[in-house]
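# Examining the three-dimensional arrangement
The chain contents come next:
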Amino acid sequence: MTGSEPPASGDLEARGDRLAPGQLRASHQDRDRVVEILRVAAGDGRLTAEELDQRLEAALTARTYAELAALTTDLPAASAPPAAAVSAPPKDMVRIDCGSGRATREGRWVVPRRMQVKVSSGEVRLDLTDAVIAEPLLRIDADVHSGRLKLITKPGIAVDADEVGVHGGEVKVRSPWGPDAPVTLRIEVTGRVHSGQIVARPPRRSFWGWLTRQPPSWVT
């Protein structure tokens with residue numbers, strides 16, 4: 001085999017077996033997770049603006065888990081490097097039926113391929129800021145009556161709610177980072193709203209962040 005020829009598939013598999021976890025290649029999702037940690041750390045005053053710029057540039061060009069882990073080892077929010085293990089596979093369908101109460105998905109929940117969400121007079125809140133995104137598309141069939149379906153988004157998440165029928169309510173989608181941000185998850189919302197509300201927006205700043213006029217987490 002000459003130097004210009006690619007290695008055989010068997011050689012690649014054998015090499016992968018010998019690699020340490022930190023040497024494995026990082027994905028776009030892994031880089032996005034570290035970028036979010038860095039932005040939160042800067043908002044908390046743990047990183048200066050110059051340090052944030054340097055680490056963000058390094059995160060976006062990192063190739064391995066080890067390179068990403070080195071950027072967050074001195075930050076409390078990063079007690080462990082990005083996980084190389086495969087997350088639980090996403091479910092094909094998740095159904096949520098909310099009456100007058102509140103149903104919430106937040107933290108490291110796995111985003112399914114499809115959701116059916118029915119809200120009578122309560123609220124369903126889907127926080128996607130730290131969710132595990134394993135598929136590029138999520139379809140939501142919504143039926144909202146005098147309640148609210150709320151999607152908490154972040155850069156990289158695009159919400160399309162143009163196909164929702166509105167009868168006495170409202171549908172509001174906010175994406176202040178603009179249309180040029182790379183899309184890692186597209187959410188297509190269909191269904192209907194009767195005197196209710198469907199809202200998609202980024203997380204609000206904390207009171208301290210508002211008081212000190214810190215920029216939102218999605219602004220670098």
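Preceding this paragraph is the structure being described.
Being a predicted model, the structure only gives us computed values, none of them experimental. (Residues numbered from 1 in each chain as written. Predicted model: local features only at pLDDT ≥ 70, side-chain atom pairs only at ≥ 80, totals over all residues. Heavy atoms only, no water.)

## Remarks on a negative patch on the surface
Selection rule: A patch is a set of surface residues, each over 30% in relative accessible area and not in a salt bridge, joined within 9 Å for like charges and within 5 Å for the nonpolar side chains Val, Leu, Ile, Met, Phe, Trp and Tyr. Surface accessibility follows the Shrake-Rupley procedure with a 1.4 Å probe radius. Residue values consider only the protein chains on display as shielding. We count a salt bridge whenever a side-chain nitrogen from Lys or Arg sits within 4 Å of a carboxyl oxygen from Asp or Glu. Charged residues are defined narrowly, with Lys and Arg counted positive, Asp and Glu counted negative, and His plus the chain ends left uncounted. Taken as the charge location is NZ of Lys, CZ of Arg, CG of Asp or CD of Glu. In this description a helix means any DSSP run of H or I spanning at least four residues, a strand means any run of E spanning at least two, and both kinds are numbered starting from the N terminus. Under the scheme applied here, a residue whose accessible area is under 20% of the maximum for its type counts as buried, over 50% as exposed, and between as partly exposed, the area being computed with a 1.4 Å probe on protein chains only.
On the surface, a cluster of negative charge is contributed by E50, E51, D53 and E57. Residue position: E50 is located in helix 3 (residues 49–61). In this structure E50 comes out as exposed when scored by relative accessible area, which is 57%.

## A few points about helix 2 (residues 28–43)
For clarity, the cut-off: Multiplying 1.5 Å by the residue count of a helix minus one yields the expected span of that helix. In this analysis, two residues are considered to be in contact whenever any of their non-hydrogen atoms come within 4.5 Å of each other.
Helix length check: helix 2 (16 residues) gives 23 Å between terminal C-alpha atoms against 22 Å at 1.5 Å per residue, within 8%. All of the buried residues along helix 2 are D30, R31, R33, V34, V35, I37, L38, R39 and A41. On its buried side, helix 2 packs onto helix 3 and helix 4 (65–69). Looking one or two places after helix 2, you find G45, whose phi comes out positive at around 85°.

## Topic: helix 3
The line we're drawing: The directions considered for the arc are those from the helix axis to the C-beta atoms.
Between the first and last C-alpha of helix 3 there are 19 Å, a value that for 13 residues agrees with the 18 Å anticipated at 1.5 Å per step. Along helix 3, the positions that sit buried rather than exposed are L52, R55, L56 and A59. Take helix 3 and look down its axis: the buried residues cluster within an arc of 105°, on one side only. Facing away from the buried side of helix 3 by over 90 degrees, the exposed positions are E50, E57 and T61.

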